[in-house]
Amino acid sequence: MKTIQVATTINGDAVEFVCAPDEPLLDVLRNRLGLTGAKEGCGTGDCGACTVTLDGRMVCSCLVLGVEVEGAKITTIEGMATGNQLHPLQQAFLDHAALQCGICTPGILVAAKTLLDRNPNPTDTELRYWLAGNLCRCTGYDKIIAAVQDAAQKMRTA
Amino acid sequence: MQYAKPTTAAEAARLLSAASGVTRVLAGGTDVLVQLKAGMVEPDLIVDIKHIPGIRTLQAEAGGFRIGAAVSGAELGEHAALCAAWPGVTEGAQLIGSKQVQGRCSMVGNLCNASPAGDAVPGLVAANATVRVEGPNGTRDVAVHAIPASPGKTTLQKGEIITSIFLPARAPRSSDAYLRFIPRSEMDIAVASAGVNLTLDAAGTITAARVALGAVAPTVLLVDACAKAIIGTKLDATALAALEKAASAACKPIDDKRGTIEFRTKVAGVLARRAAVIAYGRAGGKL
Amino acid sequence: MMDTLETKRKFRQVGTRPIRPDGIDKVKGRALYGADVTAPGMLVGRILRSPHAHAEIVAIDTSAAEALSGVKAVVTGRDLVAQKDDFFRDIQENCLATTKALYDGHAVAAVAAVDASTARAALKLIKVTYKQLPHVTDVDAAMTPGAPIVQGGRALETVPKGMSANVTNQVEFGHGNLDAGFKQADLVVSRSFTTAAAHQGYIEPHACLAQMNADGKADLWCCTQGHYFVRTTCALLLGMEASQLRVTASEIGGGFGGKTVVFIEPVALALSRKAGRPVKIVMTRDEVFKATGPTVVTSMDVRIGMKKDGRITAGEAILRYSGGAFPTGTVEMGASAAFAAYDLAAVHTLGWNVLTNRPKEAAYRAPGAPQAIYAVESVIDELCQKLNLDPLDTRLKNAARKGTLSSYGPTFDDIGLVATLEAAKKHPHYKAPLGKNQGRGLSAGFWFNFGGNTSVSMTINTDGTVSVAEGNPDIGGSRASISLMAAEELGIPYDKVRTIIADTASLGYNENTDGSRVTFAVGMATIHAARAAIAKMCARAAAIWGIDPEAVEWVDGAAVPAGPNAGKFPPMTLAEIAAVANNTGGPIAGHEEFTADGAGVSFGVHLCDVEVDPETGYTTVLRYTVFQDAGKAVHPAYVEGQMQGGAVQGIGWALNEEYIYGADGRLQNAGFLDYRVPVASDLPNIDTVILEIPNPGHPYGVRGVGETPIVPPLAALSNAVSHAIGLRMSSLPMSPPRILAALSHKG
Ligand SMILES: Cc1cc2nc3c(=O)[nH]c(=O)nc-3n(C[C@H](O)[C@H](O)[C@H](O)COP(=O)(O)OP(=O)(O)OC[C@H]3O[C@@H](n4cnc5c(N)ncnc54)[C@H](O)[C@@H]3O)c2cc1C
Ligand code: FES
Ligand code: FES
C-alpha cells in the first residue's frame, strides 16, 4: 500500500510521518513515532486505552486514520507532564493508588484532564459518565474517582 | 486502498461514482474504522468528507436547523439552541458511544451505517427530519425515514452522499424525547429504543405526535398507531397504556445476543410510554 | 518451609501507603508492556484460527502463503515438539492444533511477515481442509449419552464407568452422615443453578516478542504472570534447554489468572527460529476472547437442611463444570470451597469436569470457588428468608473458626470469618433503610491461598541502598509491598529500597503470580533474604569491633552490641557497614530460595444493595461494602484495590458478563461492546473494611488477598436482586432479559 506523508503537531512539536492510508493513528503513534503511552486494548473504540486529544476533543486514536490528522493538533499522555513536573492528575493517581496494572492509566489521565479543562468541579456522577469509555478492569474505578476529585480540588485551589 | 479528501460535495460524488471497487464515505469513522479492523470491509477507496465546506457547521435555517453531515455528537451537545428546540434528537445523538466516540461520531454516519439500533435515528424520524443528498444526478432532499433500507443498507445510490440534516421549525408547545434500553449505563448498543415528538395545544392536549421505535425491526419504525393512541389526549393513564400497547404490537424484533423477542417487545412499549411522558413535560404539559 | 508469626512486632513501614516504585513510568506512559517493545528487523506474527467449533484438520496447505512476497515464515502444529506428558501436550495442542480444531478460535497455523497487512494477506492464503464434526458447548448436554465427544480417552480413573466420555474427572469431599443431617432439618431447600463462562477481561491483550538465533539461544519478552513457567513450557515445546531461553516479563496490563498460561509465545519462537528474525505477536481483542482462557461454565445442584434456629444440619453440592476442550481440575477447587465457610456435621460435595467445544479454561481469581459458593450462599439466603432468620446471625451461628474440621479436610487454624461477619453486622450499611424495588444481599466467600516455590535476591549497595530482585510479575503494586517488607526488616526507609522483577536467568524458579501468593511468599522470601544480609552485616560489625558475631544484634537499621557484656560500641548503620563492605570482606547480599508453606486462608463478606426496574429488569447497584481479612495489610491502599477490583469483576459476572455461543458453536460476543464488563458509571463507590487477623504462617501475619474478593459478589448480587424482585434467581448472569422473563413468568 502506498504511504502518505502527513504533517501534524504532537504535544506541541511539529511532527511529520508517513503512513498507509488505512493505518489508525494509534498505530502511527506507537509503531512509527515511538509514542507507546497510548495503549491498544481493543482497537475498536470500546476500551479508551488509546485516548488522545485531536484539536482539543478527546478521541480514540484507534478510530482515527493517521492520514486524517494532517494539520491537526494532537496531545498524548507523553505531553501531560512538564518535564519532571507531573500534572496534578498524575500525582493524584500515584497518591491514591489509582492504578494497579496501569494499562488503562494513560487513557484515563488524558480523559480526566479533558474533563477538568472544561469542568473544573465535576460531580462524581459526571465524572463516572465522562470516564465510561475508559475501561479499567483492575481497580473497580473507586480510587480513580477519588484521585481525579482530589486533583480537581487541588487544581481549583492552586 | 486510496484515501481522498475532496473539498466539494460534487467532487466527492464524482470520486465515488467513478470508483470501480468497494468505497466508503468517512465521516467520524467510528463505524468505518471498526469495520476495517474487523476485516468486514476492505475498501479500495475511502472518501473523507470532512473537508467539504459546511459539512462541519450547524446553523439556523428557516426557523429550524441545518446540521452539516459531519458535525460530531459533542458539537451537537454544545449547541444550546438546538438542544433546547430538539432535546430528543440531541440526546439520541449524544447517547452514541463514549465521550471519545462523541468527539467524532455524526448523526449522518449513524443513519448511513443503517443499524436498526442506531441511537440518532428514531429521534430524527420522530422529528420528521430530512437529509440533503448530493450525487451524480444533483441534489435532493429526502425524509430521514426513507434512508435505511435494511440492516447495513441504505437507499442512497452509487455516488450519493448526504451533506446535511434539516430539522424543521418548531410549533409552540412542542418537544421531543428519546430513550433506549441498554444493559449497562453506557457503552452499549440499544436493545430497544423509542423517540417521541409531540405538539400540545394551550390546554395541554396533544395535537400532533410522531413515535419512532428502534432495534425492534430491520429498520426504524414510525408507528402511526402510537401517534393515534395519544393524539387528542392529555396523556392520561389510558392514553399511555394504549401507547405502550401499540408500540409493543408494532415490534417485529429478532432474538439475538443482545435481547430476546419477548424482551424487546415489552421494553419498546415501556420506553415509548416513558419517552412520551418526558416529551409531554418538556412541551409544557402537566401530568 | 513455614514461618511463625512475630506476634509482638510493631510495624514502622508495613501498613503505610507509599508511592509504588513503578508509578511514575506508568502515569507518564513510559512503562513498557508486552506490545511496547520492538527489535531491529522485527517481523509481525499472526495466527490463523479455526472458524469451526469442532473439526478434523484434514490438511493444511501453506505453499501459497509462503510464496507471498514479504512472508518470512509459516508454522503449523508440526513445528512444535510433540509432548508426551498430558499437561504439556494439551498446552502444545492449544497453541497450535495438529489433528483437530476443538473450538471456535483454536489456533491452527501462523505466519511472520514484514508488516501486518502482509501477514493478514498471508493468513488468507493458508488453505486448511476441515472436516466439520458435531459440537457441544453446553455442560449438561455434554454429559448426556450420545453427546459429541470432544476428546476421547481423557477420563481419569476417578470417573465411574458409563458416564459420557466427555467427563474427565470426578472429585468428592465431605464428612458426616448426610441422610441423618437432612432428617434433623426443619427445612430443606434444594435448587439448581447455572453460571456462564466469564473472561478475566484484562485490558492488555497477550503480546510477546521472540528472538531465536541459529545457535539455539533465544530471548523472549512477554506479558505474563509467570515467566519461569513460560520458560519451562516454551523450552519443551521448542525442544530447547531451559538455560538457552531467557524470558523477561514485561509490565503486565492485568491478568487475574488469565496470563498464567502460554498461547502465543511458543508460536512466536517457532516463527522466529524459522525466519531468523525477531517476531512480535500481539493478540487482537477478539482473539483474546475466543482463544485465551475464560472461566468454567457450570451447572450445579445444592441441597441444605436447616433447623428453625438457623443451625445447618447438612449440606450437599453437586457440581458440573466445563473448562472447555481440554481437561482441567478446577471443579476440585469448587468442590473444596463450596462449604468451606461453615462448621458442618454433615457435608458432601461431588464434582465432575466435562469437556465442551470451548476454549481451555484458565484461572480467574479463586478459580472454581465463586460458582460453587454462589450456589451455596444462595440456598442459605433462601433458607434464612423462609425461616425468617437474620442472614448474618445465621452465618455467624454456622461459621467456621479455629479448630473447625473444614468441609475439604484440613482443620482450620486462626481464621477471620467470625470477625469479618461481625464487622459486617456492626457496619451502618447492614441496617440502612431500603426503598421500593430495592433489595440487600450478602454473601460470605473463601479462598485457600497459596505459597509455593520462590526465589529472592537482595543486594546491599555500598551507598546504603538496597536492591531487591524478585521473579514475580507485579500486577497490582506488589513491588511496593516487597520494598516495604524489605525496608521494615532492614530498618531503613522505604525509598532506599528498589525492587525489580528479574528475568529467568537471574534467579531460581518462581511460581506464577497466582494463588494470591506474591505478597505472602515473595514477602516471606524477602524477609528471609533480609535476615541473611543482616547476619552478614552483623558479622562485619563484629569483625570491625573485634567481638563475636553472636554478640551483635540488628536494631532499627543498625548493628549494635548485644547487651552490656558485648562491649561498648556506637551502632553501625546499614549505610556505614555498606560503605566499607568492599574492604571488610566484599559485597553483602542475602538471598532465599524456598517453598513457602503456611499460606493462611482468607474470608470475605460482601454487602450489596440494588434496585431493579421491574419494567425492564435493569439492575442498579446502589451501595457495596467489602469486608475482608488481610492477615496484615502491607500496603493497605493496594489491599483495598484488590478488594474493590475483585468485587467489581464479580458484579460484572453476576449482572451481565457471559460467553454467548450460537447454535453453530461460535462465540458471538468476542468484544468489549457485547462482553459487558462494568464501566465507571455502572457503579457506586466500593467501600472497604480491612480486618487483620494475622496468619500464623507468616512472620508479619500476611495472608493473600487477591482472589477472595471475587467470590462473594455472585451470591451477594443474586440475593439482593432476589429480594428486590421477590423471586429467587438461580442463573447467572442476571441480565435484564433474564430478570424480566422471570418476572413475567411469575405474573
Ligand atoms: C465504542 C463504540 C460505541 C458505539 N456506541 C453506539 C451507540 O451507543 N449507539 C449507536 O447508535 N451507535 C454506536 N456506535 C456506532 C457509531 O459510533 C455510530 O453509528 C456513529 O454515529 C457513526 O458515525 P460516524 O460519523 O463515525 O460514521 P462513519 O464511521 O464515518 O460512517 C458510518 C457509515 O455511514 C457512511 N457515511 C457516513 N457519512 C456519510 C455521508 N455523509 N453520506 C453517506 N454515507 C455516509 C459511511 O460510509 C459508513 O458506512 C458505537 C461505535 C463505537 C466504536
Ligand atoms: S484501543 Fe482504542 S478504544 Fe480500545
Ligand atoms: S489499572 Fe489495570 S486496567 Fe486499570
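The structure presented is a predicted model; accordingly, all values stated were derived computationally and were not measured.

A few points about the interface of chain B and chain A
Where the parts come together, the accessible area they lose is often given as the size of the interface. Taken residue by residue, the interface counts 28 residues in chain B and 31 residues in chain A. Counting each side, the surface lost to burial between chain B and chain A is near 2,200 Å², with a carbon and sulfur contribution of 64%. Ranking the residues of chain B by area buried against chain A places B:Met1, B:Lys99 and B:Gln100 at the top, with a combined share of 29%. At the boundary of chain B with chain A, the tally comes to five salt bridges.

A word on the nonpolar core
Within the largest apolar cluster, 213 residues are counted, with the highest numbers of intra-cluster contacts made by A:Phe93, C:Leu220, C:Phe446, C:Tyr624 and C:Leu717. Residue contacts for C:Leu220: discarding those within four places in its chain leaves C:Cys208, C:Leu209, C:Ala210, C:Val230, C:Cys234, C:Leu245, C:Arg246, C:Val247, C:Thr248, C:Glu265 and C:Leu269. Ranked by size, the runner-up nonpolar core spans 79 residues in total, among them A:Val6, A:Leu29, B:Trp86 and B:Ile96.

Regarding the sheet that holds strand β2 (residues 23-26) of chain B
Residue and element names in this part refer to chain B. In spatial order, the strands read β1-β3-β2; together these three strands make up an open sheet with parallel pairing. Looking at which strands have only one partner, the edges of the open sheet turn out to be β1 (2-4) and β2. For this sheet the average axis-to-axis angle between neighbouring strands, irrespective of direction, equals 20°. Across the sheet, helix α1 (residues 9-18) is in contact with β1, β2 and β3 (45-48); its angle to β3 comes to roughly 170°.

Describing the confidence of the model for chain C
Taken as a whole, chain C shows an average pLDDT of 96; of its residues, 100% reach a score of 70 or greater. Reported confidence for the predicted complex is 0.98 by ipTM and 0.98 by pTM.

Structural notes on the pairing of strand β17 (residues 452-460) of chain C
All names here are of chain C. Of the pairings in the sheet, the one linking β17 to strand β23 (residues 588-596) comprises nine bridges and is antiparallel in character. Pairing of Thr459 across the sheet is with Ala589, part of β23. Relative to strand β18 (residues 466-470), β17 runs antiparallel, the two being bridged by five bridges. If you follow Met458 over to β18, its bridge partner there is Val468. Taken together, β17 and the strand that follows it, β18, pair antiparallel across an intervening segment of five residues, in which Gly464 is found at a positive phi of about 90°.

Reading the values: the criteria
- Residues numbered from 1 in each chain as written.
- Chains lettered and ligands numbered in written order.
- Predicted model: local features only at pLDDT ≥ 70, side-chain atom pairs only at ≥ 80, totals over all residues.
- Heavy atoms only, no water.
- Contact = heavy atoms within 4.5 Å.
- Buried area = accessible area lost by both parts, 1.4 Å probe.
- Salt bridge = Lys/Arg side-chain N within 4 Å of Asp/Glu carboxyl O.
- Core = buried A, V, L, I, M, F, W, Y, C linked by side-chain atoms within 4.5 Å.
- Buried < 20%, exposed > 50% of the residue type's maximum accessible area, 1.4 Å probe, protein only.
- Pairing = 2+ DSSP bridges.
- Helix = DSSP H or I, 4+ residues; strand = E, 2+ residues; numbered from the N terminus.
- Axes fitted to C-alpha atoms, helices over the stretch in contact; angles between N-to-C directions.
- pLDDT = per-residue confidence, 0-100.

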